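Notes for the structure review
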Amino acid sequence: MSRNYYITQPGKLRRKDNTLYLEPEEAPRIPIPVEDIDALYFYGELDLNTRLLNFLTQKHIPFHVFNYYGYYAGSYYPREYLNSGSLLVKQVQHYEKRTKRMPLAHEFVESAVFNMLRILRYHTNRGKDCSAQIESIEKIRIESRTSKNTNELMGYEGSVRDIYYAAFNTILALKVPFEKRVRRPPDNPINAVISFGNSMMYTACLTEIYRTQLNPTISYLHEPGDRRFSLSLDLAEIFKPLIIDRIIFRLFNRRQLDESRHFEMNVDGCYLNEKGRKLFIAAFDEQLKQTVSHRRLKRHVSYQRLIRLECYKLIKHLVGIEDYQALRPWW
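Residues numbered from 1 in each chain as written. Predicted model: local features only at pLDDT ≥ 70, side-chain atom pairs only at ≥ 80, totals over all residues. Heavy atoms only, no water.

Here the focus is the overall build of the protein chain. A tally of regular secondary structure across the protein chain gives 10 helices and 12 strands. For 331 residues, the compact-globule formula gives about 20 Å, and the C-alpha radius of gyration of the protein chain, at 20 Å, lands near that figure. Counting only C-alpha atoms, the protein chain reaches 60 × 55 × 40 Å along its principal axes. Counting all 331 residues of the protein chain, 53% fall into the buried class. For the protein chain, the exposed surface amounts to about 15700 Å²; the carbon and sulfur share of it is 48%. Side chains of the protein chain give 50 positive and 38 negative charges; the mean places of these two sets differ by 5 Å. (Helix = DSSP H or I, 4+ residues; strand = E, 2+ residues; numbered from the N terminus. Rg over C-alpha atoms; globule rule 2.2 N^0.38 Å. Buried < 20%, exposed > 50% of the residue type's maximum accessible area, 1.4 Å probe, protein only. Areas by Shrake-Rupley, 256 points an atom, 1.4 Å probe, with all protein chains shown as cover. Lys, Arg positive; Asp, Glu negative; His and termini not counted. Charge placed at Lys NZ, Arg CZ, Asp CG, Glu CD.)

Glancing now at the sheet that holds strand β6 (residues 46-47). In space, the four strands of this open sheet follow the order β4-β3-β2-β6, with mixed pairing throughout. Where the open sheet ends on each side, the last strands, each with one partner, are β4 (30-32) and β6. Two elements, strand β3 (residues 19-24) and β4, share three bridges in a ladder whose sense is antiparallel. Looking at the pairing, Leu22 lines up with Ile30 of β4. Each of β2 (11-16) and β3 touches helix α1 (residues 50-58); the most contacted strand, β2, lies at about 60° to it. (Pairing = 2+ DSSP bridges. Contact = heavy atoms within 4.5 Å. Axes fitted to C-alpha atoms, helices over the stretch in contact; angles between N-to-C directions.)

Moving on to helix α7 (residues 189-210). For α7, which comprises 22 residues, the first-to-last C-alpha distance of 32 Å matches the rise-based estimate of 32 Å (1.5 Å per residue) to within 8%. In terms of burial, α7 is a largely internal element, 22 of the 22 residues being buried. A distance of 3.2 Å separates the backbone nitrogen of Ile190 from a side-chain oxygen at the start of α7, and that oxygen is part of Asn188. (Expected span 1.5 Å × (residues − 1). Polar contact = N/O pair within 3.5 Å; in protein donor to acceptor, adjacent residues only side chain to side chain.)

You can see Ser195 is positioned in helix α7. Residues contacting Ser195, with those up to four places away along its chain left out, are Tyr71, Arg181, Arg183 and Pro186.

Time to look at the state of the cysteines. Following the criterion strictly, the structure yields zero disulfides and no others. We note that Cys311 lacks a disulfide partner, and the nearest cysteine sulfur, in Cys205, lies 7.4 Å from it. (Disulfide = S-S within 2.5 Å.)

Below, the discussion takes up unusual backbone geometry. Positive phi outside glycine occurs at Arg255, with the angle close to 65°. With respect to the helices, strands and loops of the structure, Arg255 is situated in the loop between α8 (230-253) and β9 (263-266). A positive phi is found at Lys298, a non-glycine position, where the angle reads about 60°. Relative to the helices and strands, Lys298 is located in the loop between β11 (291-294) and β12 (299-302).

Residue position: Arg250 is located in helix α8. Taking the relative accessible area as the measure of exposure, Arg250 reaches 22% and is therefore partly exposed. Put simply, Arg250 and Leu172 are 78 residues apart on the chain and 9.3 Å apart in space, counted from C-alpha to C-alpha. Excluding residues that lie within four positions of it along the chain, Arg250 makes contacts with Gln256, Ala283 and Gln287. Among the polar contacts listed, one links the side chain of Arg250 to the side chain of Gln287, at a separation of 3.3 Å.

The biggest cluster of nonpolar side chains holds 88 residues, and the ones touching the most others in it are Met201, Ile243, Phe280 and Phe284. If we skip the residues at most four places from it in the chain, Phe280 touches Val193, Phe196, Gly197, Met200, Ile244, Ile247, Ile248 and Leu251. One finds Ile7, Leu20, Ile32 and Phe42 within the second-largest nonpolar core, a separate group that totals 15 residues. (Core = buried A, V, L, I, M, F, W, Y, C linked by side-chain atoms within 4.5 Å.)

The next thing to look at is the sheet that holds strand β1 (residues 4-7). Spatially, β1-β5-β7-β8 is the arrangement adopted by the four strands of the open sheet, whose pairing is mixed. This sheet does not close on itself; its edge strands, each paired only once, are β1 and β8 (72-76). Across the sheet, the mean angle from the axis of one strand to that of its neighbour is 15°, orientation sign disregarded. Note: strand β7 (residues 63-66) against β8, four bridges, orientation antiparallel. Pairing of His64 across the sheet is with Ser75, part of β8.

All right, on to the pattern of salt bridges then. For the structure on display, the rule yields 19 salt bridges. A salt bridge links Arg14 to Asp47, with the shortest nitrogen-to-oxygen separation between them at 3.3 Å. Remark: Asp47 occurs in strand β6 and Arg14 occurs in strand β2; sequence separation between them is 33 residues. Residue Asp47 is classed as partly exposed on the basis of its relative accessible area of 33%. A single network of salt bridges, built from pairs that share partners, joins Glu110, Arg121, Glu138, Arg141 and Arg145. (Salt bridge = Lys/Arg side-chain N within 4 Å of Asp/Glu carboxyl O.)

This is the structure we're talking about:
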């Protein structure tokens, strides 16, 4: 189940002995169960000190910081405690050699497209006809398998997402039609909530990578670069349709998230307001806690655990135990 802790109010975060406390403005302090959490998410304006950072390092707890509008600003990634030099070498080798890198890159895209098509078929079977988008995506999916490099493959993946996002107008009953994906800054409520959700998915993947021996800066679909954990971007491609998009459809179609009540528009773009952010965060955490019956492990595992299992499958591929096959939901 999900073991994350979300702080959405301003205050001070302090350590006292072996306990972590949130001291909100004009409210009693709140103990945070550090032994039972994997990551902290900071949405409020918080006062921290180095004593606290040392404590979080000892407990192996990363935290993720989001700005005033709720968008990802950065992460505190404690010193890695599961280092493996031999695995790091394998990761680099699989990146440097195209014949090793491309099968992994293709798997990330194949899984993402599979999950997008699954969503479109689900809604088509319930009277919201997305057959035109499904047909177009299937054609691009076949063409993408001939890609010889990641730039070409990412181009196909981008085309698929443009078609997929075009189906949002069919799936959602929107007051203002969703014309196209705009990121920086988002220009309407749908773009705002997609960006917000995707940043949460990125940090959730980063948290799970930290719990393994993988290096988060070496990736295969996205190009590694300075100042980003690009392996999180690779893994997030798999889970964005499976988790984030399903939350968006559920919240809007159930009228829990409203275009006029939960968003604010200014010169910097369109953003979820505080009430909207809290609503989405709660839905995200609930989704991570949800469990499915794992047909290989023969037990129930949470969505958050599925991300960790994806990391383990990647490790098995890198060390030559088993070829990597990215997640295709069976439930």
